[in-house]
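Per-entry structural report
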Amino acid sequence: MRGSDPYSARTPDAETPEEVLHREQFEEAELERMRQDARRAYAESAQAGRPLSARALGEAFGMSESWGRKQILAVRDDEEASRPHLRAVEPAAV
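None of these values were measured; they are calculated from a predicted model.

**Thoughts on the overall build of the chain**
When helices and strands are tallied, the chain shows three helices and zero strands. From first element to last, N terminus to C terminus, the chain shows the α and β order α-α-α. Relative to the 2.2 N^0.38 estimate, which gives 12 Å for 94 residues, the radius of gyration of the chain is 24 Å and therefore markedly larger than a compact globule would have. Dimensions along the principal axes, computed over C-alpha positions, put the chain at roughly 100 × 35 × 15 Å. The buried share among the 94 residues of the chain stands at 16%.

**Here's the deal with helix α3 (residues 65-82)**
Because each turn of an α-helix spans 3.6 residues, side chains separated by three or four positions end up pointing in the same direction. Taking 1.5 Å per residue, 18 residues should reach 26 Å; α3 reaches 26 Å between its end C-alpha atoms and fits that length. At its buried positions, α3 is contacted by α1 (17-47) and α2 (54-60).

Each value, and the rule that gives it
Residues numbered from 1 in each chain as written. Predicted model: local features only at pLDDT ≥ 70, side-chain atom pairs only at ≥ 80, totals over all residues. Heavy atoms only, no water. Helix = DSSP H or I, 4+ residues; strand = E, 2+ residues; numbered from the N terminus. Rg over C-alpha atoms; globule rule 2.2 N^0.38 Å. Buried < 20%, exposed > 50% of the residue type's maximum accessible area, 1.4 Å probe, protein only. Expected span 1.5 Å × (residues − 1). Contact = heavy atoms within 4.5 Å.

Okay, here's the thing in structure tokens:
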């Protein structure tokens with residue numbers, strides 16, 4: 001067997017710090033896009049009266065049930081924050 005096998009895997013070139021930063025930013029942006037897509041899918045399913053389960057949501061995006069649960073909680077937190085909150089106030093003294 002020869003030492004320079006033309007079918008051997010090529011060793012990847014080392015990344016520069018700028019390339020590493022760019023790759024990490026790209027990956028985070030892709031994850032955020034996927035989270036937003038999942039949250040939109042859950043919100044639409046809930047509006048249709050058939051909310052997705054955490055497991056179904058996670059599986060639809062190739063993720064775990066706990067990931068799906070986090071996305072559902074994020075949607076609920078957003079809905080809670082956008083609702084007006086009523087507070088009881090004491091009547092003014094006459």
